[in-house]
Amino acid sequence: MEKKECSSAEVDHSSPKDEFQELLQTLEHQTNWDGQRLVKYDGIWLLELLFRPILSAQKYFKAKDTDVILSTMPKSGTTWLKALTFSIANRSVFPIDRSPLLTSNPHKVVPALEFNLYWGKGEENPDPESFPEPRILSTHIPFEILPDSIRESDCRIIYISRNPLDVFISQRQFLLENKIAKDAVPLELDEAFDMFCRGITSYGPFWEHMLGYWNAHLKNPERVLFLKYEDLKGDILSNVKKIAEFMGFPFSAEEEKQGVVEQISRLCSFENLKNLEVNKSGNVLGLMKNSSFFRKGEVGDWVNYLSPEMAERVKNIMESKFQGSGLTFNI
Ligand code: PAP
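In this text, all values refer to a predicted model and were calculated from it rather than measured experimentally.

Quick word on the UniProt feature "domain: Sulfotransferase" (unreviewed entry) in the protein
For step 1, the next point in the chain: Under the UniProt annotation, the feature "domain: Sulfotransferase" (unreviewed entry) is placed at residues 65-326.
For step 2, the next point in the chain: Counted over residues 65-326, helix gives 45% and strand 9%. Its end C-alpha atoms are 29 Å apart.

Brief notes about the sheet that holds strand S1 (residues 29-31)
For step 1, the next point in the chain: Strand order across the open sheet formed by three strands is S1-S2-S3, with antiparallel pairing between neighbours. One side of each edge strand has no neighbouring strand; the edge strands of this open sheet are S1 and strand S3 (44-47). Taking each pair of neighbouring strands and ignoring which way they run, the sheet shows an average axis angle of 35°.
For step 2, the next point in the chain: Direction of pairing for strand S2 (residues 37-41) relative to S3: antiparallel, over a ladder of four bridges. Residue Val-39 lies in a different strand from S3, and its bridge partner there is Leu-46.

Regarding the side chain of Ser-292
For step 1, the next point in the chain: Relative to the helices and strands, Ser-292 resides in the loop between strand S9 (288-289) and helix H16 (308-321).
For step 2, the next point in the chain: A polar contact is formed between the side chain of Ser-292 and the side chain of Asn-178, at a distance of 3.0 Å.
For step 3, the next point in the chain: Here Ser-292 is in contact with Phe-174, Glu-177 and Asn-178, once residues within four sequence places are set aside.

A word on the packing of aromatic side chains
For step 1, the next point in the chain: Throughout the structure, instances matching the rule amount to 19 aromatic pairs.
For step 2, the next point in the chain: A ring pair is formed by Phe-168 and Phe-193, whose centres lie 5.5 Å apart and whose planes are at 75°; its orientation type is edge-to-face. Residue Phe-168 is located in helix H7 (residues 164-178), and its partner Phe-193 is located in helix H8 (residues 189-197); the two are separated by 25 residues in the primary sequence. Grouping residues by exposure puts Phe-168 and Phe-193 together as buried.
For step 3, the next point in the chain: Seen from their ring centres, Phe-196 and Phe-206 are 4.9 Å apart, and the 45° between their planes marks the pair as tilted. Taken together, the positions of Phe-196 in helix H8 and Phe-206 in the loop between H8 and helix H9 (207-219) put the pair 10 residues apart, joining distant regions of the chain.

Considering the environment of Glu-188
For step 1, the next point in the chain: With respect to the helices and strands, Glu-188 occurs in the loop between H7 and H8.
For step 2, the next point in the chain: Note: C-alpha distance between Glu-188 and Ser-281 (93 residues apart in sequence) is 28 Å.

Observations concerning the site of the ligand
For step 1, the next point in the chain: For the ligand, the set of nearby residues contains 21 residues, the closest of which are Lys-75, Thr-78, Thr-79, Ser-170 and Lys-296.
For step 2, the next point in the chain: Here a nitrogen atom of the ligand sits 2.8 Å away from a polar atom, N or O, in the main chain of Cys-268.
For step 3, the next point in the chain: Here an oxygen atom of the ligand and a side-chain polar atom of Arg-295 are 2.7 Å apart.
For step 4, the next point in the chain: Relative to its free-state accessible area of 640 Å², the ligand is covered by the protein chains to the extent of 97%.
For step 5, the next point in the chain: When residues of the shell around the ligand are traced back to their parent elements, those giving at least two are helix H3 (78-89) and helix H14 (270-274).

Points about the layout of surface pockets
For step 1, the next point in the chain: Quantified by volume, the second largest pocket comes out at close to 420 Å³.
For step 2, the next point in the chain: Surrounding the second largest pocket, 16 residues form its lining, Arg-52, Leu-55, Ser-56, Lys-59 and Tyr-60 being those nearest its centre.
For step 3, the next point in the chain: Looking at the lining of the second largest pocket, its residues break down into five nonpolar, four polar and seven charged.

A closer look at unusual backbone geometry
Residues apart from glycine generally show negative phi values, whereas peptide bonds are mostly found in trans.
For step 1, the next point in the chain: Residues Glu-133 and Pro-134 are joined by a peptide bond in cis, for which omega reads 0°.
For step 2, the next point in the chain: In this fold, Pro-134 is placed in the loop between helix H5 (113-117) and strand S5 (136-139).
For step 3, the next point in the chain: Despite not being glycine, Asp-42 shows a phi value in the positive range, around 55°.
For step 4, the next point in the chain: Counting through the fold element by element, Asp-42 comes out in the loop between S2 and S3.
For step 5, the next point in the chain: At Leu-285, a residue that is not glycine, the phi angle is positive and equals roughly 60°.

A closer look at the environment of Ser-130
For step 1, the next point in the chain: Note on placement: Ser-130 falls in the loop between H5 and S5.
For step 2, the next point in the chain: A polar side-chain atom of Ser-130 sits 2.7 Å from the main-chain carbonyl oxygen of Asp-127.

A word on the packing of H7 against H8
For step 1, the next point in the chain: Viewed as axis vectors pointing N to C, H7 and H8 meet at an angle of 130°, and their least axial separation amounts to 11 Å. Between H7 and H8, the angle is such that the two are oblique. Between H7 and H8 the crossing geometry is right-handed. Across the interface between the two elements, Pro-164, Leu-165, Phe-168 and Arg-172 from H7 touch Leu-189, Ala-192, Phe-193 and Phe-196 from H8.
For step 2, the next point in the chain: Tallied by class, residues from the contact of H7 with H8 come to seven nonpolar, no polar and one charged.

What counts as what
- Residues numbered from 1 in each chain as written.
- Predicted model: local features only at pLDDT ≥ 70, side-chain atom pairs only at ≥ 80, totals over all residues.
- Heavy atoms only, no water.
- UniProt positions renumbered as here; feature names shortened; annotations may be inferred.
- Helix = DSSP H or I, 4+ residues; strand = E, 2+ residues; numbered from the N terminus.
- Pairing = 2+ DSSP bridges.
- Axes fitted to C-alpha atoms, helices over the stretch in contact; angles between N-to-C directions.
- Polar contact = N/O pair within 3.5 Å; in protein donor to acceptor, adjacent residues only side chain to side chain.
- Contact = heavy atoms within 4.5 Å.
- Phe/Tyr/Trp six-rings, centres within 6.5 Å; stacked < 30°, edge-to-face > 60°.
- Buried < 20%, exposed > 50% of the residue type's maximum accessible area, 1.4 Å probe, protein only.
- Near = heavy atom within 4 Å.
- Areas by Shrake-Rupley, 256 points an atom, 1.4 Å probe, with all protein chains shown as cover.
- 1 Å grid on protein atoms, 1.4 Å probe; cavity = no way out; pocket = protein on both sides within 12 Å on 5 of 7 lines; lining within 4 Å.
- Points joined across faces, edges and corners; volume = space filled by probe spheres on them.
- Nonpolar A, V, L, I, M, F, W, Y, C, P; charged D, E, K, R; others polar.
- Parallel < 35°, antiparallel > 145°, perpendicular 65-115°, else oblique.
- Left-handed = near helix turned anticlockwise from the far one by under 90°.

Now the structure itself:
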């Protein structure tokens, strides 16, 4: 499932008579907080870097009913969810003490549609048809523009959301550490925060991203599970059981008695993963340090960076954006 390392500078958007290139030139664009270009596609702001992979995923990805798709807004708990779902689905294949997570970063064991499956062009990409089932795959693609086959198949989608203020700080600290747009100067905190409040994250859309998956969950809870990072922090054991049931891999009474739920929770805990050698060095795609995916792992770290007035502003936006939807976050 692994693929060749590749940096943003190597992504070739320039082949002649390229449909993608032609389309790209017609799109409205703007710069995000850390100097990366965003383009507006189907009314949704997307990282230009991910535009070709997203279109390729839309065109080529064929979902299977047995697939589990992990969907997230970056910095909402993707790495944690990858570790948990991989461990749940593969618990009869790998005993905990021989888990691939002990020697590979969670982003290596659960590939992402945009970063791993469709990052390159054509045959450079791995063939997901050859992956063992159930295929667990991740994506940051907004619900509305997911590949049709994901929305139309019976595959399951697990979305993890997080308190918006912690998402903002986690994204910002990650980008300051990784400097993905090499020569760009990141915006000052106040300016970046203002952009975030207007609905633009370092990745693209924010409020609509969450609402798209929240509404999909309300419409079809059997197919779309909606989790909150804070709930997992508060009670990991019942959430591991909930995820396992949703994936179709419930724990037997015997497994529960043997403490398998606790073992998986411990293996995937922030403290355990952060301290593994594999996560202290190396990188994802030559762009992002493995260690930067394990920063603090706390609820409410935003208080160390943002003022009460800034929090109030987000609270008000949240109330108006989520009004009547039933979606809430404690700030
Ligand atoms: P991604 O979407 O780019 O893959 P993602 O994993 O969602 O990133 O976000 C990383 C955040 O999850 C970090 O939060 P922080 O910046 O507030 O610290 C990271 O610390 C946290 N995180 C990573 N692994 C775990 C884990 N096992 N348990 C809890 N939090 C975790």
